[in-house]
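Below are the chains, spelled out letter by letter.
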Amino acid sequence: MTCHLPPFRRSQPEVRSGGLEPPCLRAEPDNTRGMEAAPIDALALWNDLLARVGEQVPFYRDRLGRRRLIAQEEVAELPFTTKEDFRSAYPFGLLAVPRDQVVRVHMSSGTTGKPVVTAYTRRDLELWSECMERVLGFAGVTTADVLQNAYGYGLFTGGLGFHIGAERLGCLVVPTSSGVTQRQVMLMRDLEVSVLCCTPSYALVLAEAAGEGHRGLQLRVGLFGAEPWSEAMRREIEAGLGLEAYDVYGLTELGGPGVAVECHRHDGLHIFEDHFYAEVVDPESGRPLPPGAEGELVLTSLRREASPVIRYRTRDLTVLTDEPCPCGSPFRRMRKVTGRADDMLIIRGENLFPSQVEALLLEIPELTANYQLVVDRSAHRLDTLEVRVEARRRDGLQDLAQEAARRFRDAIGLGVEVTVLEPGALPRSEGKARRVIDRRELG
Ligand code: DLL
């Protein structure tokens, strides 16, 4: 039996009425480009994937045996993979190719436990760069553009992910990485940068640094992701930098950015279903939910060679829709991610769990597990994290704070303000402790 993803629908170019036009639309990409081939045979891709992991990855062999699917509905019977599975398999326990075929690794940092590692063969890098070129294509980027890539280069997937996609597309890349804000603004102006890639919170920092000077910039498109951001933030970024902002979604476990991106309609993100199989499940029961229902996104990488993953529980909350999009893209859309099914925080691109903060604090014997995390975005626009923690004693609190801040920097590379309080200073809760006060507005 064969089974197909929802057939590619190709709609006629739409006659636009004034109200539908996005505010600063300047480029109209062809989102059907390269899609003329037959519908993707998802079942064949699934069975190829199952054969590969069954042969090469003991973790999956133990769980799945030599399982084959005869209908796509059977996907729901397969076990999930979780972040914990990645961490326990650190560094190469989930590898599906011999080590000498791996040419690159990336990791998500920000943990006191083991990082999540994802590996790439040469072919994986090719596939990734294809996806990233497509991401840029959806945003209307062309060879004529000058693209400043202010995502962090290094172990984080953002920097090199956008880099290889942009190089493949053939635009001029300015690989600034993140930080050194005044220089970023100077380069945007001097090099007539037209496309900006960075986290949405850094885009706000850049907008603030550019000030009124942004009118002298040539920016027209921005590709922002790696953390949740609201529609209000989109409007602020667009007004502050004079560009059209696109949302890009991805995660280390699935190889980085390039899983989904908005089209110029900005009405949900198209999931690249020829590479990734998407489901939405009930975060409690794990049962699949129908299109239109909010739940947890579960993703399978259908083609990755070195680090394939089956039914990864992203913990990201979204809604899938199979309504055709007027842009012509055949790919289903997911709603903008605004929340998570767990308590993971994303602060300046670093993923952080309160439990990791707790573990770090408790390495210092004079500190207690009475702590609170205050996340804010107002002061300098970049997210700030203040850790408030009670000490066991009443003196030398400043020294303890310095020691804790140093440990945070060393372990997770994050500048954190630590306030050490006297015993009993924090409010006690009668139910679940309220560990996180998130003052950022993401809704
Ligand atoms: O953030 C990959 C990436 C880089 C995506 C650059 C987009 C642009 P991780 O560091 O592993 O990977 O973090 C993945 O970040 O599970 C979401 O919770 C969150 N996230 C990523 N993109 C978005 C987005 C990269 N567009 C985690 N909107 C994911 C909301 C996002 N949350």
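The structure we're discussing is the one just above.
Residues numbered from 1 in each chain as written. Predicted model: local features only at pLDDT ≥ 70, side-chain atom pairs only at ≥ 80, totals over all residues.

1. A closer look at the overall build of the protein chain
Counting secondary structure elements, the protein chain contains 10 helices and 20 strands. Looking at the protein chain as a whole, 44% of its 443 residues are labelled buried. Nonlocal contacts in the protein chain, meaning residues at least 24 apart in sequence, comprise 68% of its contacts between residues at least 6 apart. (Helix = DSSP H or I, 4+ residues; strand = E, 2+ residues; numbered from the N terminus. Buried ≥ 20, exposed ≤ 12 C-beta atoms within 10 Å, placed from the backbone. Contact = placed C-beta atoms within 7 Å.)

2. Quick notes on the site of the ligand
In the vicinity of the ligand, 22 residues are found, and the nearest of them are Gly158, Gly225, Ala226, Leu251 and Thr252. Looking at the shell around the ligand, the elements that each hand over two or more residues are α5 (157-169), β7 (244-251), β8 (256-262) and β12 (312-321). With 5 residues, the top contributor of residues to the shell around the ligand is β7. In terms of residue class, the shell around the ligand is made up of 9 nonpolar, 9 polar and 4 charged. (Near = placed C-beta within 6 Å. Nonpolar A, V, L, I, M, F, W, Y, C, P; charged D, E, K, R; others polar.)

3. Describing the pairing of strand β2 (residues 116-120)
Of all the 5 residues making up β2, 5 are buried; the element is thus mostly covered by neighbouring parts of the structure. Here β2 shows a buried face lined by Val116, Thr118 and Tyr120 and a second buried face lined by Val117 and Ala119. Bridging between strand β1 (residues 104-108) and β2 involves 5 bridges; their strand directions are antiparallel. Bridge assignment links Ser108 to a residue of β2, and that residue is Val116. (Pairing = 2+ DSSP bridges.)

4. Quick notes on α5
In a regular helix each residue adds 1.5 Å, so 13 residues correspond to 18 Å; α5 covers 18 Å between its end C-alpha atoms and thus fits that length. Along α5, the residues that are buried comprise Thr157, Gly158, Gly159, Leu160, Gly161, Phe162, His163, Ile164, Gly165, Ala166 and Leu169. Once α5 ends, the next one or two residues include Gly170, with phi positive near 100°. (Expected span 1.5 Å × (residues − 1).)

5. What about the sheet that holds strand β18 (residues 384-391)?
Spatial strand order, β19-β18-β17-β20: 4 strands in an open sheet with mixed pairing. In the strand order of this sheet, the two ends are held by β19 (417-421) and β20 (436-438), each with one partner. Taken pair by pair, the neighbouring strands of this sheet meet at an average axis angle of 20°, ignoring direction. Here strand β17 (residues 367-376) pairs with β20 via 3 bridges, running parallel. Pairing of Val374 across the sheet is with Ile437, part of β20. Sitting on the sheet, helix α9 (residues 354-361) is in contact with β17, β18 and β20, with an inclination near 135° to β17. Its contacts with the sheet place helix α10 (residues 397-412) against β17, β18 and β19, and it is angled at close to 145° to β19. (Axes fitted to C-alpha atoms, helices over the stretch in contact; angles between N-to-C directions.)

6. Some thoughts on the pairing of strand β3 (residues 146-149)
The pairing of β3 with strand β4 (residues 172-174) spans 3 bridges and is classified as parallel. Paired with Leu147 across the strands is Val173, a residue of β4. A crossover connection joins β3 to the parallel β4 through α5; in handedness this β-α-β unit is right-handed. In this sheet, strand β5 (residues 195-198) lies alongside β3 in parallel orientation, the contact comprising 3 bridges. Bridging across to β5, Leu147 finds its partner in Val195. (Right-handed = clockwise from strand over helix to strand, strands pointing away.)

7. Focus: the packing of helix α4 (residues 122-138) against α5
As a packed pair, α4 and α5 sit with axes 7 Å apart at the nearest point and diverge in direction by 75°. Considering their axes alone, α4 and α5 lie roughly perpendicular with respect to each other. Contact with α4, carried on its side by Leu125, Trp128, Ser129, Met132, Glu133, Val135 and Leu136, involves Gly161, Phe162, Ile164, Gly165, Ala166, Arg168 and Leu169 of α5 and no other residues of that element. Residues that form the contact of α4 with α5 fall into these classes: 9 nonpolar, 3 polar and 2 charged. (Parallel < 35°, antiparallel > 145°, perpendicular 65-115°, else oblique.)

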